[in-house]
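Per-entry structural report
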Amino acid sequence: MGAHRRGFGSLQAGLAFAAAVALAAGPAVAETWDMPTAYTESNFHTGTAQAFAACVKEATAGEIDIVVHPSGSLFKGNDIKRAVQTGQAPIGERLISAHQNENPIFGVDSIPFLVTSFEDSARLWRVTKPVVEKILDGENLVLLYSVPWPPQGLYFKKPVASNADIKGLKFRAYNAATARFAELAGLNPVQIEEAELPQALATGVVESFLSSGATGYDRKVWEQLTNFYTVDAWLPRNYVFANKDSWDGLDDATRAGIRGCASLAEYAGYWRAVQYTDFTVGQLAAHGMTVEKPSDGWRAELVKIGDTMTQEWLAKAGADGQAIVDAYKAAK
């Protein structure tokens, strides 16, 4: 729990500073910013968003009141980015790689085995962030902060020793990378949002999926599944973004206060993800699931799939993608 307290303690400690910034903004005129998110209220990303919202309210002396709407209750996950682009919502949170079909750069964090640790994830984000900011600027969006998910593992309802054991299973896909992974592994991909996962598992619409221990814990997947393999395939990221028109309508002091809160949220969210990894994987085991690493032979099969997907991604992402990967590797 030390990292958890370190992250959110820093976010709360930053409220005093953020509030001081707001003093230059003058009298507050309350404006509600509805913030759609795709994940449960108990999910650590939602918790980070709610702490960010509280910070912003303090930092702007109540001028901006962000109301977080979890579990796709305001807009479904696939609709959040478009809603913010078009001004239906002034701010939102979404999985970056969910937009890989729009631009392959959004999928760099889902290249299998390029990133397998939080340190690697932070290093990749540092070289990717300026490129993402530029892309979003052309889409009427402003990047505020980004937080990684824990490492992604594989969930099944039986022991698995090789890809031959999973051939034909219905597999939940949440982005282009998971769908392609499924195809290469001989699985049948089904597009399912996280909020729909429990029902999909209960009804047999999906039988397996790749995600973090956090998703498994949040959705109590031990009620349907029995095995979790810590393959550490990648660490995808969520990001929070604002409508550019709404952002430009704020004064400099208000934007500075929000930026300060965003920096604190990114820091706090990172450490919450680190802490949440061990906790949630431990909870899977505590609820009866078998948690283990894949066999060497199976991992070799998965890495081969990763090699194929890496080359496919680089071919689509072109010079910008290669530059990101090269800069990331040079920073190691």
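Here's what I pulled together on the structure shown here. (Residues numbered from 1 in each chain as written. Predicted model: local features only at pLDDT ≥ 70, side-chain atom pairs only at ≥ 80, totals over all residues. Heavy atoms only, no water.)

Thoughts on the sheet that holds strand 4 (residues 141-148)
With antiparallel pairing, the three strands of this open sheet are ordered in space as 3-10-4. Of all the strands in the sheet, just strand 3 (91-95) and strand 4 have a single pairing partner and so form its edges. On average, each strand axis in the sheet is tilted by 25° relative to the strand beside it, whichever way the strands run. In this structure, strand 4 lies alongside strand 10 (residues 237-243), joined through seven bridges in antiparallel fashion. Each residue of the ladder has a partner; that of serine 146, found in strand 10, is tyrosine 239. Strands in contact with helix 4 (residues 118-137) are strand 4 and strand 10; relative to strand 4, the strand with the most contacts, it is inclined by about 165°. (Pairing = 2+ DSSP bridges. Helix = DSSP H or I, 4+ residues; strand = E, 2+ residues; numbered from the N terminus. Axes fitted to C-alpha atoms, helices over the stretch in contact; angles between N-to-C directions. Contact = heavy atoms within 4.5 Å.)

Quick look at the packing of helix 4 against helix 10 (residues 296-330)
Put simply, helix 4 and helix 10 touch, their axes get as near as 9 Å, and they point 140° apart. Judged on the interaxial angle alone, helix 10 and helix 4 are oblique. Here helix 4 runs over helix 10; the crossing is right-handed. Contacts from Asp120, Arg123, Leu124, Val127, Thr128 and Val131 of helix 4 reach helix 10 at Ile324, Ala327 and Tyr328. A per-class count over the contact of helix 4 with helix 10 returns six nonpolar, one polar and two charged. (Parallel < 35°, antiparallel > 145°, perpendicular 65-115°, else oblique. Left-handed = near helix turned anticlockwise from the far one by under 90°. Nonpolar A, V, L, I, M, F, W, Y, C, P; charged D, E, K, R; others polar.)

Here we look at unusual backbone geometry
You will see that alanine 61, though not glycine, has its phi angle at about 50°, which is positive. Mapping alanine 61 onto the fold places it in the loop between helix 2 (44-59) and strand 2 (64-69). The exposure class assigned to alanine 61 is partly exposed, which follows from its relative accessible area of 46%. Even without being a glycine, asparagine 140 presents a positive backbone phi close to 65°. Mapping asparagine 140 onto the fold places it in the loop between helix 4 and strand 4. (Buried < 20%, exposed > 50% of the residue type's maximum accessible area, 1.4 Å probe, protein only.)

Read these as layout, nothing more, since geometry by itself doesn't imply function.
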